[in-house]
Amino acid sequence: MAAVSDRLPAFPWDKLEPYKATAAAHADGIVDLSVGTPVDPVPELIQRALAGAADSPGYPTVWGTAALRDAITGWVRGRLGASAAGHRNVLPVVGSKELVAWLPTQLGLGPGDKVAYPRLAYPTYEVGARLCGAQAVVYDDPTALDPAGVKLLWLNSPSNPTGEVLPQEELTRIVAWARAHGILVFSDECYLELGWEAEPVSVLHDEVCGGSYEGVVAVHSLSKRSNLAGYRAAFIAGDADVLRELLEIRKHGGMMTPAPVQAATVAALGDDTHVGEQRARYAARREALRTALEAYGFRVEHSEASLYLWVTRDEPCWDTVAHLAELGILVAPGDFYGEAGARFVRVAFTATDERVAAAVKRLG
């Protein structure tokens, strides 16, 4: 057991605990802007769907109900512009983090194989490579990589942590390069519904992949768009051959989305009203925090999408974390996401309106 855990880096969030204690000691309490966890209520229509499916005594299927596959394919066609998507092109998963962490293992990767991901990135891409013993490789431009041995290429647009959005022409170029070298592309698009100063495009869009999903898969989650982080509702879409293989493996592993969550997902994907309402909440919080941070002397880079502001005072990130903790504000240090983030912090705007207002007041 220790041999597996020894492959993994220290869990980064544990390092924040002393700063969290400092922030919590503030007279008006902590404003936690570190982890981007939803705080607003789950929309009522989704709660009703979950409750309506509560009497589910039998085992759910890994592939999901026909109604769930209909909902996912309909959303993928309409929202992502993937006009040819059918049931064979979709697969529900038990939250996107589980998928990211175990994907290289389920693809049969191991020593001698390479998993590539952005230089600034969600830490679980690296964890997935380490779990199976593959080599983790970072990139600024994936097409500048030596393709030899690269079996899995992670894209992330909009980016966590930076909020950067890859333009359609850039995605098209990368997909063509990867296909030419036989490299499987997985595109983490969990923040696609949260574009502010740019319109995110899916790797599955007809104009990106040419209407063929060969060698490309997109990862989507309902955690952010629908406040369903507690439900573990997510899915992947794309290459039917890849998804068929993953389906067989996940059937053996019992990786089943609970039946009530499947029903809730159908309701969530069938309603755009709650998504617009949540976007409006986030837009107001984003504007308030951005204005306050810039007035305080921070510089915002990228941040054109997602639920975060990527900011710097041109000092070591832990100095910034410590300074803001004294104000009762907890943020994430940029080096959680790679060495290139050593002078940045990530500020989530997922706190309540009241807590965001408190942070703005303290920065003022």
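Our subject is the structure listed above.
Residues numbered from 1 in each chain as written. Predicted model: local features only at pLDDT ≥ 70, side-chain atom pairs only at ≥ 80, totals over all residues. Heavy atoms only, no water.

1. With respect to the sheet that holds strand S3 (residues 114-118)
Two pairing modes exist for strands in a sheet, parallel and antiparallel, and in both the strands are linked by backbone hydrogen bonds. With mixed pairing, 7 strands are arranged side by side in an open sheet as S2-S8-S7-S6-S5-S3-S4. If you trace the sheet from one side to the other, it starts and ends with strand S2 (90-93) and strand S4 (135-139), each paired once. Averaged over all adjacent pairs, the angle separating strand axes in this sheet is 20 degrees, with direction ignored. (Pairing = 2+ DSSP bridges. Helix = DSSP H or I, 4+ residues; strand = E, 2+ residues; numbered from the N terminus. Axes fitted to C-alpha atoms, helices over the stretch in contact; angles between N-to-C directions.)

2. A few points about the side chain of Ser202
Relative to the assigned elements, Ser202 resides in the loop between strand S6 (184-188) and helix H8 (206-209). You can call Ser202 buried: its relative accessible area is 2%. Within the structure, Ser202 has its side chain in polar contact with the side chain of Glu189 (distance 2.8 Å). Within the local environment of Ser202, its side chain forms a polar contact with the backbone nitrogen of Leu204, the two atoms lying 3.0 Å apart. Those residues in contact with Ser202 that lie beyond four places of it in its chain are Leu80, Leu171, Glu189, Leu192, Val208 and Ala218. (Buried < 20%, exposed > 50% of the residue type's maximum accessible area, 1.4 Å probe, protein only. Polar contact = N/O pair within 3.5 Å; in protein donor to acceptor, adjacent residues only side chain to side chain. Contact = heavy atoms within 4.5 Å.)

3. Section: the environment of Ala359
With respect to the secondary-structure elements, Ala359 resides in helix H13 (residues 353-363). Here the alpha-carbon distance between Ala359 and Ser221, two residues 138 residues apart in the chain, equals 28 Å.

4. What about the pattern of salt bridges?
Counted by the stated rule, this structure contains 23 salt bridges. Of the charged contacts in the structure, one is a salt bridge between Asp28 and Arg362, with a shortest N-O distance of 3.1 Å. Here the residue Asp28 occupies a position in the loop between helix H2 (17-24) and strand S1 (31-32), and Arg362 occupies one in helix H13, the gap between them amounting to 334 residues. Look at Arg362 and you get buried, because its relative accessible area is 15%. Notably, a salt bridge pairs Asp241 with Arg244, separated by 3.0 Å at the nearest N-O pair. Taken together, the residues Asp241 and Arg244, both in helix H9 (residues 240-253) and 3 residues apart, mark about one turn of the helix. Here the residues in one salt-bridge network are Asp28, Glu354, Arg355 and Arg362, joined through shared partners. (Salt bridge = Lys/Arg side-chain N within 4 Å of Asp/Glu carboxyl O.)

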